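Chains, contacts and geometry: an overview
Chain by chain, the residues run as shown.
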Amino acid sequence: MVVTITGAIGEGWITELGQLRRLAPLADDRALRDAVRAAKRESKIRFAAWLRSATGQAVDPDTIFDSQVKRIHEYKRQLLNALRVIVLYQRLRENPEMAMTPRTFFFAGKAAPAYRLAKVIIKLITTLAHRIDRDPAVRGRLKVVFLPDYCVSLAEHLIPATDVSNQISTAGYEASGTSNMKFMLNGALTIGTRDGATIEMAEEAGEENVFLFGLTATQVSDSRRWYSPYWHYDNDPEARAALDLILSDAFAPGDEPGVFAPLRETLLTGGDHYMHLADLQAYLEADYRLVALYGDPEAWTRRVILNVAGAGRFSSDRTIAEYAAEIWDAKPCPVP
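Definitions and cut-offs
Residues numbered from 1 in each chain as written. Predicted model: local features only at pLDDT ≥ 70, side-chain atom pairs only at ≥ 80, totals over all residues. Heavy atoms only, no water. Helix = DSSP H or I, 4+ residues; strand = E, 2+ residues; numbered from the N terminus. Rg over C-alpha atoms; globule rule 2.2 N^0.38 Å. Buried < 20%, exposed > 50% of the residue type's maximum accessible area, 1.4 Å probe, protein only. Contact = heavy atoms within 4.5 Å. Areas by Shrake-Rupley, 256 points an atom, 1.4 Å probe, with all protein chains shown as cover. Lys, Arg positive; Asp, Glu negative; His and termini not counted. Charge placed at Lys NZ, Arg CZ, Asp CG, Glu CD. Pairing = 2+ DSSP bridges. Right-handed = clockwise from strand over helix to strand, strands pointing away. Axes fitted to C-alpha atoms, helices over the stretch in contact; angles between N-to-C directions. Parallel < 35°, antiparallel > 145°, perpendicular 65-115°, else oblique. Left-handed = near helix turned anticlockwise from the far one by under 90°. Phe/Tyr/Trp six-rings, centres within 6.5 Å; stacked < 30°, edge-to-face > 60°. Lys NZ or Arg CZ within 6 Å of the ring centre and 35° of its normal. Expected span 1.5 Å × (residues − 1). Polar contact = N/O pair within 3.5 Å; in protein donor to acceptor, adjacent residues only side chain to side chain. Core = buried A, V, L, I, M, F, W, Y, C linked by side-chain atoms within 4.5 Å. Salt bridge = Lys/Arg side-chain N within 4 Å of Asp/Glu carboxyl O.

**Side note on the overall build of the protein**
A tally of regular secondary structure across the protein gives 14 helices and six strands. Against the 2.2 N^0.38 benchmark of 20 Å for 336 residues, the protein shows a C-alpha radius of gyration of 21 Å, consistent with a compact globule. In terms of overall dimensions, the protein has a C-alpha envelope of 65 × 45 × 35 Å along the principal axes. Looking at the 336 residues of the protein, the share that counts as buried comes to 49%. Long-range pairs, those at least 24 residues apart, make up 72% of the contacts in the protein between residues at least 6 apart in sequence. For the protein, the exposed surface amounts to about 15,900 Å²; the carbon and sulfur share of it is 54%. In the protein, 39 side chains carry a positive charge and 43 a negative one; their mean positions are 3 Å apart.

Structural data, given as structure tokens:
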């Protein structure tokens, strides 16, 4: 018999999302874990079919689906994610026999029309995707996909299919964040900084069930006076190699030399205001822990269930009810 959430805890959660908390004691139930894995795989297969039909791009549902869905902005650090992918790419290039769980990295989001650096970051992601696709040394092991024209319809396909949600803004800059909650509710585990709603998500699911890394907001603020990205460039060989590869025009189209020169200003000469290089190694270490856990399907799925169980707090119904009771002093008006 196929186990469903309703079958496990009843129908009440549909109108009162907080009842998802009742899933937590069932995280060790093998039948529920099997059902959760089956549902995720079905969503990945369905997304792969939709993507091929909609864009012609092929992705492998048997890879880790790793997503970052955000407005393109320096503080949201799609650039940090790209640096992570480049480091992983270089590791495979230097050691082709290295064991690495196959990964597919999805980026999606839009940039403000006049935000030139955001457009440069998108350019880097798309050219990185092209470079990896053409490299037989990493084919089938790494893939990068930038999903154009992000919208609700695309999200309805991508979010349920995602295994890993990236919430990696510089600590202290994200007011809230909502995509993180959607991914959590749909069974993706979070890799992220202690920023925005991710802090509350970790409290609800348990910090041991998410992959937190990086500087805190206080550490970011306190290091402003002395932080130098050149220290990381000089002392972190992987960061230096990734930056050198970008700035050497290795990813630049033949007719656009120097297209990534603005990234030198952002990451080095301009002081790396959003501290990409400061958090890069911590991000890679959290990524290593994440992939190691993915290799244990039972342990991974247990954490997925605990995350879903903790997602009920983020219901808009609960939020509005609290505002009504605590701020607006509005009384309920039952519908006959």
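**Overview of the pairing of strand S1 (residues 64-69)**
With six of six residues buried, S1 is to be regarded as a mostly interior element. Judged by which residues are buried, S1 turns out to be covered on both faces: Ile 64, Asp 66 and Gln 68 on one side and Phe 65, Ser 67 and Val 69 on the other are all buried. Relative to strand S2 (residues 103-108), S1 is paired through six bridges, and the arrangement is parallel. Of the residues in S2, the one forming a bridge with Phe 65 is Thr 104. Between the parallel elements S1 and S2, the chain passes through helix H3 (residues 78-94) in a crossover that is right-handed.

**Here's the deal with the environment of Ala 39**
Of note, Ala 39 is situated in helix H2 (residues 30-55). On a C-alpha basis, the gap between Ala 39 and Pro 160 in space is 9.0 Å, while along the polypeptide they are 121 residues apart.

**Remarks on the packing of H3 against helix H12 (residues 276-294)**
Two quantities define a packed helix pair, namely the angle between the axes and the distance from one axis to the other. Closest axis-to-axis distance for the H3/H12 pair is 10 Å, and the angle between their directions is 60°. Relative to H12, the element H3 is oriented oblique. For the element pair H3 and H12, the recorded crossing hand is right-handed. Residue-level inspection shows Leu 79, Leu 80, Asn 81, Leu 83, Arg 84, Val 87, Leu 88 and Arg 91 of H3 in contact with H12, the latter providing His 276, Leu 277, Asp 279, Leu 280, Tyr 283, Leu 284 and Asp 287.

**So, the sheet that holds S2**
As summarised here, the arrangement of the six strands in space is S3-S2-S1-S4-S5-S6, forming an open sheet in which the pairing is parallel. Two strands close off the open sheet at either side, each with one partner strand: strand S3 (142-147) and strand S6 (211-212). As paired elements, S1 and strand S4 (residues 164-167) share two bridges and run parallel to each other. Note that in S4 the partner of Ser 67 across the bridge is Ser 165. Most of the contacts of H3 go to S2, to which it runs at about 155°, and overall it touches S1, S2, S3 and S4.

**Comments concerning the packing of aromatic side chains**
Applying the stated criterion across every chain, the model contains nine aromatic pairs. Here the aromatic cluster, defined as three or more aromatic residues joined through ring pairs, consists of Phe 47, Trp 50, Phe 65 and Phe 106. The ring of Phe 65 is capped by Lys 44, whose NZ or CZ atom sits 4.8 Å from the centre of that ring.

**Structural notes on H2**
Every α-helical turn comprises 3.6 residues, leaving residues that sit three or four positions apart pointing alike. The end-to-end C-alpha distance of H2 is 37 Å, a good match for the 38 Å that 26 residues give at a rise of 1.5 Å each. For H2, every residue scored as buried is listed here: Leu 32, Arg 33, Ala 35, Lys 40, Ser 43, Lys 44, Phe 47, Ala 48 and Leu 51. Contacts made by the buried residues of H2 are with S1, S2, S3, helix H5 (152-161), H12 and helix H13 (297-310). Capping the start of H2, Asp 29 holds a side-chain oxygen 3.1 Å from the backbone nitrogen of Ala 31, two or three residues further along. Following H2 by one or two positions, Gly 56 has its phi on the positive side, about 85°.

**Points about the environment of Met 181**
Residue position: Met 181 is located in helix H6 (residues 179-185). By relative accessible area, which is 19% here, Met 181 ends up buried. Remark: the alpha-carbon pair of Met 181 and Val 308, spanning 127 residues in sequence, is separated by 9.6 Å. Apart from residues lying up to four places away in sequence, Met 181 is in contact with Ser 176, Ala 197, Met 201 and Phe 314.

**Considerations on the nonpolar core**
Core analysis: the biggest nonpolar cluster contains 73 residues, and Phe 260 and Leu 263 have the highest contact counts within it. Those residues in contact with Leu 263 that lie beyond four places of it in its chain are Leu 79, Leu 117, Val 120, Ile 121, Leu 124, Ile 246 and Leu 268. If you look at the next biggest cluster of nonpolar residues, it comprises 17 residues, including Ala 48, Val 59, Phe 65 and Phe 106.

**Some points on the pattern of salt bridges**
Counted according to the given criterion, the structure contains 24 salt bridges. Salt-bridge contacts for Lys 143 lead to Asp 133; the nearest nitrogen and oxygen are separated by 3.0 Å. Pair noted here: Lys 143 is in strand S3 and Asp 133 is in helix H4 (residues 116-134), with a separation of ten residues, a long-range link. Here Asp 329 ties to Lys 331 by a salt bridge, and the two come within 3.3 Å at their closest N and O atoms. Accessibility assignment for this pair places Asp 329 and Lys 331 in one class, exposed. A single network of salt bridges, built from pairs that share partners, joins Arg 30, Arg 33, Asp 34, Arg 37 and Glu 298.

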